[in-house]
Amino acid sequence: MTDPEQNRITVIADEKLWMEQDALDQLKNVAALPGVTRAVGLPDLHPGKIPVGIVLETQGVIYPHLIGNDVGCGMGLFETNRRVKKFRQEHFVKKLNEIESLRDIPADSPFPEKCPIIDLGTIGGGNHFAEFQLVEEVCDKEAFNAIGIDKDKILLLVHSGSRGYGERVMDEFGDYGGIEAADERAAAYMAAHDCALMWASRNRFMVAKKLTDHLGCSSELKTLIDCRHNFMERREGNAERYLHRKGAVSALLGPVVIPGSRGSFTYIAAPSGETGVSLHSLSHGAGRKWPRSLCKGRLKDKYDRSAIHETRIGSETVCHDVNLLYEEAPEAYKGIDHIMDVLVNYG
């Protein structure tokens, strides 16, 4: 649906998709910023300090605060050398429960540049995660094979970003509000931004390497997809036009990973050639339905201390923070199947 007054705000949704009014109001507010030419809310739109699940196109101005402090946050999908038939979930769970966090696994940076991330190879808090996965169903064999995935091997999906480095970028540039695209501060922000993108990707790789090293299956770690969802992109052919994505992945860079909540499926999707309606962007996940502060109160009588670690598809969650387990429960998120249906219905 498109905003009838401005004809430049589009919400990718259907009549059955629950959409919080606060999120829609926040989308309208950021769409009213000077220089914004178009705004899109994707099916996983939900409220935050900045609404999550949005894409804004601007002309002649950039807004670092719209990207936020986790510049480059995204999804990295890796193929391990552990074959599905040799995978033992209980062994992985036992080994992972031996560590409190990834800080307990030492690792030197293999990259030649000086690392700006203090905790390189750590996941972070909130909804950041690492999940071992296997292929359940292939809908398009040709597209699947083009990615080079071996469905007989265990995959590892890592959701993380640039950690403390992104926060330092935000501290330096976030208070400016809008910055004229021709201003030297804009060039300085974009340089720091692009560096954060690189290190966020490297951080995801290091998370995967630490985990697979610890579990003894890392000799052939292969990156299949790496897609970011907090970043700014210059529009091709127009140096002063920018896409600001907050919780949205680009539909211009090939296949993307769109995960559901804990205990639901992750989708690997191929964008079509007709993504202009969504400013060439796709959802980055299921999208929150409940505020974190309400989750434990609503769910504490549904789960005991053991059941909160288990999922409906037979997987098990390793997490030592009970409150976080409730905050990230599947009930707190929209249904990923519905999110995908909406994207498909919009072409």
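Values in this document were obtained by computation on a predicted structure and should not be read as measured data.

Caption draft 1: Representation of the overall build of the protein chain in the model. Within the protein chain, the regular secondary structure consists of 9 helices and 15 strands. Expected size for 347 residues packed as a compact globule is a radius of gyration near 20 Å; at 20 Å, the protein chain falls within 12% of this value. C-alpha extents for the protein chain along the principal axes are approximately 55 × 50 × 45 Å. Each of the 347 residues in the protein chain was classed as buried or not, and the buried ones make up 50%. Contacts in the protein chain between residues at least 24 apart in sequence constitute 76% of all its contacts with a sequence separation of at least 6. Of the roughly 16600 Å² of accessible surface on the protein chain, 48% is carried by carbon and sulfur atoms. Each charge class in the protein chain can be summarised by its mean position, and for the 42 positive and 50 negative side chains these summaries are 4 Å apart.

Caption draft 2: Region of interest: the side chain of threonine 311. Structurally, the position occupied by threonine 311 is in the loop between α7 (292–299) and α8 (322–327). Threonine 311 gets classed as buried once you look at its relative accessible area, which sits at 16%. Of note is the side chain of threonine 311, whose polar atom sits 2.6 Å from the side chain of serine 315. Every residue in contact with threonine 311, bar those within four places of it in the chain, is listed here: Arg262, Gly263 and Thr317.

Caption draft 3: Inspection of the pattern of salt bridges at higher detail. Overall, the coordinates contain 15 salt bridges when judged by the stated rule. Between glutamate 57 and arginine 241 there is a salt bridge, with the nearest N and O atoms lying 4.0 Å from each other. A residue pair is termed long-range when its members are at least 10 positions apart, and glutamate 57 in strand β3 (residues 52–59) and arginine 241 in strand β11 (residues 241–246) qualify at 184 residues. One salt bridge in this structure joins glutamate 327 and arginine 292, with 3.4 Å as the shortest N-O distance. A residue pair is termed long-range when its members are at least 10 positions apart, and glutamate 327 in helix α8 and arginine 292 in helix α7 qualify at 35 residues. Each of Arg288, Arg292, Glu327 and Glu328 takes part in a single network of salt bridges with overlapping partners.

Caption draft 4: Here's a closer look at the pairing of strand β14 (residues 266–269). Pairing of strand β13 (residues 256–259) with β14 involves 4 bridges; the strand directions are antiparallel. Among the inter-strand pairings, proline 259 is bridged to a residue of β14, identified as threonine 266. Where β13 folds back on β14, the antiparallel hairpin that results is connected by 6 residues, among which glycine 263 adopts a positive phi of roughly 85°.

Reading guide: rules and limits
Residues numbered from 1 in each chain as written. Predicted model: local features only at pLDDT ≥ 70, side-chain atom pairs only at ≥ 80, totals over all residues. Heavy atoms only, no water. Helix = DSSP H or I, 4+ residues; strand = E, 2+ residues; numbered from the N terminus. Rg over C-alpha atoms; globule rule 2.2 N^0.38 Å. Buried < 20%, exposed > 50% of the residue type's maximum accessible area, 1.4 Å probe, protein only. Contact = heavy atoms within 4.5 Å. Areas by Shrake-Rupley, 256 points an atom, 1.4 Å probe, with all protein chains shown as cover. Lys, Arg positive; Asp, Glu negative; His and termini not counted. Charge placed at Lys NZ, Arg CZ, Asp CG, Glu CD. Polar contact = N/O pair within 3.5 Å; in protein donor to acceptor, adjacent residues only side chain to side chain. Salt bridge = Lys/Arg side-chain N within 4 Å of Asp/Glu carboxyl O. Pairing = 2+ DSSP bridges.

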